[in-house]
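# Structural overview
Residue strings, one per chain:
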Amino acid sequence: MPLALLALAVGAFGIGTTEFVMMGLLPDVANDLNISIPSAGHLVSAYALGVVIGAPLLAAVTAKMSRRTVLTGLMGLFVVGNALSALAPDNGWLLAARFLSGLPHGAFFGVGAVVATNMVAPERKARSVSLMFLGLTIANVAGVPVATLMGQHLGWRATFLGVSAIGLVAIAALALLIPQDHEHVTAKGLRGELAALSSLPVWLSLGTTVAGFGALFSAYSYITPMLTDAAGYADASVTLLLALFGVGATAGNLLGGRLADHSLRGTLFGCLASLVVVLSLFPLLMRTEVTAAVAVILLGLTAFATGSPLQLMVMEKASSAPSLASSANQAAFNLANAGGAWIGGLALAAGFGVTSPALAGVALAVLGLAVASLAYAVDRRRLPAPGRERIVATHVPQEAEAVHH
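Sequence order as written defines residue numbering, which begins from 1 separately in each chain. For this predicted model, a pLDDT threshold of at least 70 governs which residues receive local features, and a threshold of 80 or more governs which side-chain atom pairs are given and counted, while totals over whole chains, interfaces and linings are taken from all residues. With hydrogens and water set aside, each side-chain value is computed from the structure's full complement of heavy atoms.

## Examining the overall build of the protein
Heads up, the rule is: Numbering of helices and strands runs from the N terminus, with a helix taken as a DSSP run of H or I at least four residues long and a strand as a DSSP run of E at least two residues long. The rule is simple: take the accessible area with a 1.4 Å probe, protein chains only, and divide by the maximum for that residue type; under 20% is buried, over 50% is exposed, in between is partly exposed. By definition, residues are in contact when any of their heavy atoms lie within 4.5 Å.
Helix and strand counts for the protein stand at 17 helices and 0 strands. Buried positions account for 56% of the 405 residues belonging to the protein. For the protein, contacts bridging at least 24 residues in sequence account for 85% of all contacts bridging at least 6.

Here's what the structure looks like:
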C-alpha cells in the first residue's frame, strides 16, 4: 500500500477527533461560556450541518483542481476552523467556528477516497479506503479520550489548539506524500458533477448508507444509559467501554475493506445482516457486564465493516464524478447520525425500554438491506452480464491513466 495513505489517515485522525470530542467537552464548554448543556449540544449539530452542506458543495466547486491541492486546502480550512473554535469569545462565535470546522470533513474523505483507490490495483481498492478510514476509527480509540483529558485538565480551548496542530501535521504529510499528478479525471464543472448524481443507482447507494449507518447511531447514541441502567456499569467505566467500541470499529473497518475487495456486494449484504443480528441481541446482551462489553465491540465491528463497501459502491455508481459522489456519501453518513439518533430517541421516549433504540436500529438495518437489494435488482435489469461490478470499479483508474499519458 502506498505511503501516501498514511497522510490521508493522519487527516482522518484529526477530523475524527474534532468531530467526536465535543461530546465529552460539553459540560466544560457550557460552564465556561455560561450556557446550558442543551445549548452547548447545538455545537454538535453545527458541525454536522457543516459536513452535510460542505461535503457535496466543496467537492463540486473544486472539481477542476489538483486533488493534492484540494486536500491540503481542505485541511487548511480545518485548521482555521479549529483555531477559531479555540479563540471564540462566546457561544455564537463558537457555533460559527464549529460549522466552519465541519465544512471540509465530507469533501476530505470524499476526495481522499478517490485518491486512495487511484493509487492501488483494482483488487485493493476497498482496502485502500479502509486504511484511510483507519485514522477515523483510531481517533475513537485514542484521539478522543486524550483530547477529552486535555480539555478537562488544560481547558477546552487547548483541545482545539491541539487538533489544529494535528491538522498542520496532516497538511505537511499531504504536501509531501500525495502525488501531484492525481488530478480529477473530469472537468465538467459544477453542472456536470451534479448531473452525475442524477442516476437511480447512486441514490439507492446513498439511501443504503443513510439506513445502514442510521441503525448504528440509533443504538450508539444511547449506549451510555444502556450500559449503566441495563448492564449495571458505573458511570466511570463508560469511557473504557466506548474505547472498546473504537477497537471493534477499527477491526471491522479493516475486515470490511479486505472482504469487499473479494466481493463488494456480498460483503455489504453480509455486514448489514450481521448488524441486524447484533442489534436484535442487544436486549439479551445488555443483561450482564461481560456480555454488554461484547455487544459494544460487536456493534463497532459489524457497523464499520460496511463503511468501505458503501463508500466504494457510491463511487462506482457515479464513476464520472467519483469525488462528488464520495463526498455526498459522507453527507449521508451524517444524516444517518442525526436521523438514527432521532429515531432511537423516539423509541426511548415512547417508553419501550432502555434498550429499545437498538431494536429501532434493527428496523433501520433491515431497511438498509431492502434498499441494497433494490439496488442489486436495478443493476441486474440494467446490465445482467456477470462481472459488472469489477468492470465499473476499474473505470476511474483507466480514465486517470489516459489523462496521465
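## Quick notes on helix H1 (residues 4–33)
What counts, and what does not: Take the number of residues in a helix, subtract one, and multiply by 1.5 Å to get its expected span. Bend at a given residue is defined as the angle between two axes, one fitted to the seven residues that end at that position and one fitted to the seven that begin there.
With 30 residues, H1 extends 40 Å from end C-alpha to end C-alpha; this agrees with the ideal 44 Å at 1.5 Å per step. The sharpest bend along H1 reaches about 65° and sits at Leu 25, with the proline Pro 27 one to four residues further on. When you tally the buried positions in H1, you get 21 out of 30 residues, the bulk of the element. Positive backbone phi, at 60°, marks Asn 34, one or two positions downstream of H1.

## Overview of empty space enclosed by the protein
Convention followed: Cavities and pockets are defined on a 1 Å grid built over the protein atoms alone: a cavity is a set of grid points where a 1.4 Å probe fits but cannot escape, while a pocket is an open set with protein on both sides within 12 Å along at least five of seven lines, and lining residues are those with an atom within 4 Å of any such point. Grid points are joined across faces, edges and corners, and a volume is the space filled by probe spheres set on the points. Throughout this entry, Asp, Glu, Lys and Arg are counted as charged residues, while Ala, Val, Leu, Ile, Met, Phe, Trp, Tyr, Cys and Pro are counted as nonpolar. The remaining residues, Gly among them, count as polar.
Taken as a whole and judged by the stated rule, the model has 2 cavities of 30 Å³ or more. One number sums up the size of the largest cavity: a volume of about 290 Å³. Lining the largest cavity we find 19 residues, and of these Leu 136, Phe 213, Phe 217, Phe 304 and Phe 333 sit closest to its centre. Counting only elements with at least two residues in the lining of the largest cavity, the list comes to H1, helix H5 (125–154), helix H8 (200–220), helix H10 (238–260) and helix H14 (322–349). Residue composition of the lining of the largest cavity, grouped by class: 10 nonpolar, 8 polar and 1 charged.

## Some words on the environment of Thr 72
What counts, and what does not: Residues adjacent in sequence count toward polar contacts only when both atoms are side-chain atoms; beyond that, a polar contact is any pair of N or O atoms within 3.5 Å, and within protein one must be able to donate a hydrogen and the other to accept it.
Following the sequence through the fold, Thr 72 ends up in helix H3 (residues 67–87). A residue is classified by how much of its surface remains accessible, and Thr 72, at 19% relative accessible area, is buried. Each C-alpha atom of the pair Thr 72 and Gly 11 lies 9.5 Å from the other, and the pair is 61 residues apart in sequence. Those residues in contact with Thr 72 that sit more than four places away from it in its chain are Ile 171, Leu 174 and Ala 175. Of note is the side chain of Thr 72, whose polar atom sits 3.0 Å from the backbone oxygen of Arg 68.

## Examining a nonpolar patch on the surface
Note the threshold: Like charges are joined within 9 Å and nonpolar side chains (Val, Leu, Ile, Met, Phe, Trp, Tyr) within 5 Å, but only among residues with over 30% relative accessible area and no salt bridge; these make up the patches. Only the protein chains shown count as cover for residues, and all accessible areas are computed by the Shrake-Rupley method using a 1.4 Å probe. Whenever Lys or Arg places a side-chain nitrogen within 4 Å of a carboxyl oxygen from Asp or Glu, that contact is recorded as a salt bridge.
A cluster of nonpolar side chains, contributed by Leu 49, Ile 53, Leu 57 and Val 61, occupies part of the molecular surface with about 340 Å² of accessible area. Its place among the elements puts Leu 57 in helix H2 (residues 37–61). Taking relative accessible area as the criterion, Leu 57 reaches 45% and is therefore assigned partly exposed.

## Overview of the packing of H8 against helix H12 (residues 289–304)
Here is the rule: Here an axis means a line fitted to C-alpha atoms, over the contact stretch when the element is a helix, while the angle between two N-to-C directions is reported on a 0 to 180 degree scale. When describing relative orientation, an angle under 35 degrees is termed roughly parallel and one over 145 degrees roughly antiparallel, while 65 to 115 degrees is termed roughly perpendicular and anything else oblique. Each crossing gets its hand from how the near helix is turned against the far one by less than a right angle, where anticlockwise is left-handed and clockwise is right-handed.
One can describe the packing of H8 onto H12 by two numbers: an axis separation of 10 Å at closest approach and a directional angle of 160°. Taken together, the axis directions place H8 and H12 in an arrangement best described as roughly antiparallel. By crossing handedness, the relation of H8 to H12 is classed as left-handed. From H8, Phe 213, Leu 216, Ala 219 and Tyr 220 reach across to H12, where they touch Leu 299, Ala 303 and Phe 304.

## Regarding the confidence of the model for the protein
Low pLDDT means the predicted coordinates in that region are not meant to be read closely. Note the cut-off: Values of pLDDT, which run from 0 to 100, indicate the predictor's confidence residue by residue.
Counting all residues, the mean pLDDT for the protein is 84, and 89% of those residues have values of 70 or more. When the criterion is pLDDT under 50, residues 182–187 qualifies, and its contacts beyond four places in sequence or with other chains add up to 21 contacts. Contacts for the low-pLDDT stretch residues 385–405, under 50 throughout, to residues beyond four places or in other chains number 25 contacts.

## Some points on unusual backbone geometry
Although it is not a glycine, Asn 34 adopts a positive phi angle of roughly 60°. Mapped onto the elements, Asn 34 comes out in the loop between H1 and H2.

## Structural notes on the packing of aromatic side chains
For the record, the criterion: Classification of ring pairs rests on two measures: the distance between centres of Phe, Tyr or Trp rings, Trp counted by its six-membered ring, which must be within 6.5 Å, and the angle between planes, read as stacked under 30 degrees, edge-to-face over 60 and tilted in between.
Tallied over the full model, the rule gives 8 aromatic pairs. Considering the side-chain rings of Phe 108 and Phe 109, the 6.0 Å spacing of their centres and the 85° angle between planes classify their relative orientation as edge-to-face. For the pair shown, Phe 108 and Phe 109 are each scored as buried. With a centroid separation of 6.4 Å and an interplanar angle of 85°, the aromatic rings of Phe 269 and Tyr 376 are classed as edge-to-face.

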